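# Descriptive analysis of the structure
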Amino acid sequence: MAEQSPIGSAIELVDVVKEYVSHGEVVQAVKGVTLDIAEGEFFSLLGPSGCGKTTTMRMIAGFEEPSKGVVRLHGRDVTDVPPNKRDVNMVFQSYALFPHMSVWDNVAFGLKQKKTPQDELRRRVGEMLEIVDLTGREKRRPRELSGGQQQRVALARALVNRPRALLLDEPLGALDLKLRQAMQLELKRIQREVGITFVYVTHDQSEALTMSDRIAVMKDGLVEQLATPHEIYEKPATTFVAGFIGTSNLLTGTAAGGVLKVGGGRVLVPGHDGEVTVTVRPEKIVLSAEEPEGELSALPGTVAEVVYLGTANSYTVRLSDDTEMTVFQQNSHDATVTAERGDSVWLSWQAQYSYVIEGR
Ligand code: ADP
Ligand code: MG
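This text gives an overview of the structure that appears in the document. Not measured: the values here are computed from a predicted model.

### What to know about the site of ligand 1
Close to ligand 1 lie Tyr 20, Ala 29, Pro 48, Ser 49, Gly 50, Cys 51, Gly 52, Lys 53, Thr 54 and Thr 55. The separation between an oxygen atom of ligand 1 and a polar main-chain atom of Gly 52 is 3.1 Å. A distance of 2.9 Å separates an oxygen atom of ligand 1 from a polar side-chain atom of Lys 53. The protein chains hide 62% of the 560 Å² of surface that ligand 1 would expose on its own. Sorting elements by how many residues they give to the shell around ligand 1 places helix 1 (residues 53-61) first, with 3 residues. Among the residues making up the shell around ligand 1, the classes are represented as 4 nonpolar, 5 polar and 1 charged.

### Observations concerning the environment of Glu 12
Here Glu 12 lies in strand 1 (residues 9-22). C-alpha of Glu 12 to C-alpha of His 74: the two residues are 62 residues apart in sequence and 8.1 Å apart in space.

### Things to note about the nonpolar core
In terms of nonpolar packing, the biggest core is built from 33 residues, with Val 125, Leu 155, Leu 159, Leu 166, Leu 168, Leu 187 and Phe 198 touching the most fellow members. For this core, the secondary-structure elements that each account for two or more residues are helix 2 (103-113), helix 3 (118-131), helix 4 (147-159), strand 7 (165-169), helix 5 (177-194) and strand 8 (197-202). Of all the elements, helix 4 adds the most residues to this core, at 6 residues. What Leu 187 contacts, discounting residues up to four positions off in sequence, is Phe 42, Leu 155, Leu 168, Leu 172, Phe 198, Tyr 200 and Met 211.

The rules behind the values
Residues numbered from 1 in each chain as written. Chains lettered and ligands numbered in written order. Predicted model: local features only at pLDDT ≥ 70, side-chain atom pairs only at ≥ 80, totals over all residues. Heavy atoms only, no water. Near = heavy atom within 4 Å. Polar contact = N/O pair within 3.5 Å; in protein donor to acceptor, adjacent residues only side chain to side chain. Areas by Shrake-Rupley, 256 points an atom, 1.4 Å probe, with all protein chains shown as cover. Helix = DSSP H or I, 4+ residues; strand = E, 2+ residues; numbered from the N terminus. Nonpolar A, V, L, I, M, F, W, Y, C, P; charged D, E, K, R; others polar. Core = buried A, V, L, I, M, F, W, Y, C linked by side-chain atoms within 4.5 Å. Buried < 20%, exposed > 50% of the residue type's maximum accessible area, 1.4 Å probe, protein only. Contact = heavy atoms within 4.5 Å.

This is the structure in structure tokens:
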């Protein structure tokens, strides 16, 4: 009997490996990925270029066969099932709309192919155009639309077929920053409205943090951490994750009695002894001119750089051992510190904001 998967699983990968032979050498694009994506989840694969995101997606869609491992969709083993027999649809960065067809005909294309009755077709295409906010633009050709609108047509064209899951591989990559940010919120809204599973590939950490229920951070064909955006940001599993997601400060050394002595100061790591790597986020650190009082981590240093970012100032502070720390100070009405280059300052933060990385 086939192994049963837990109820509510949309997509499962079990120890999936993908090897290519390139110029006589075996390349492992994916080295053993295990994932379990829930029905209705907005799930992202995040990682630098070449880490195996697209290959993983193509195995979910069925365009690539795994060298090893199992792919299950909605509990069914589909490892050997061709793409058109899987209940998923894929949207790519180059969305390749039919240029000579109107918006309406682009979206209706799949339903026409399936010989969907006219009235049902009209209703479903109309509904979908409403969801992606293109009602009134039915007669336009793709070239008469903005990049963001074209991307929404591509989305409607995929969603109108009512796949149980939609796979999106860097779909906003071609758009400029402002439009990309607007589309991120749109995508999230659309996903909530249609209620289907979205698997989203991106190398952009802020994009993944904005939209996802959970994120798998990938590196070199493996998943480094799989967790919620909050957990990935606050509790990175490895130094790679800490460095890839946002800006982080890393301090390494030998702790004794829950205190790490580094850079001429102290970092509180309650409950830890021996070799530790600690991360603290730049926005958790407070700058002061005098040594702070109380049970805080505190490090003295010299301001090496100040960058005005509008809503915040970013300070680079050099410690006595030459470690550079980044500090963000919000430009709020009660901002008290305005340190300048060359100033001697103290960095401090509460014990709860030191996070000891357990992984590599
Ligand atoms: P990403 O989407 O994260 O940028 P890919 O999944 O496209 O990464 O690629 C992962 C690795 O596998 C890369 O080193 C890439 O060069 C390699 N690769 C991908 N497709 C092929 C292929 N068809 N033949 C050989 N190597 C490939
Ligand atoms: Mg890719």
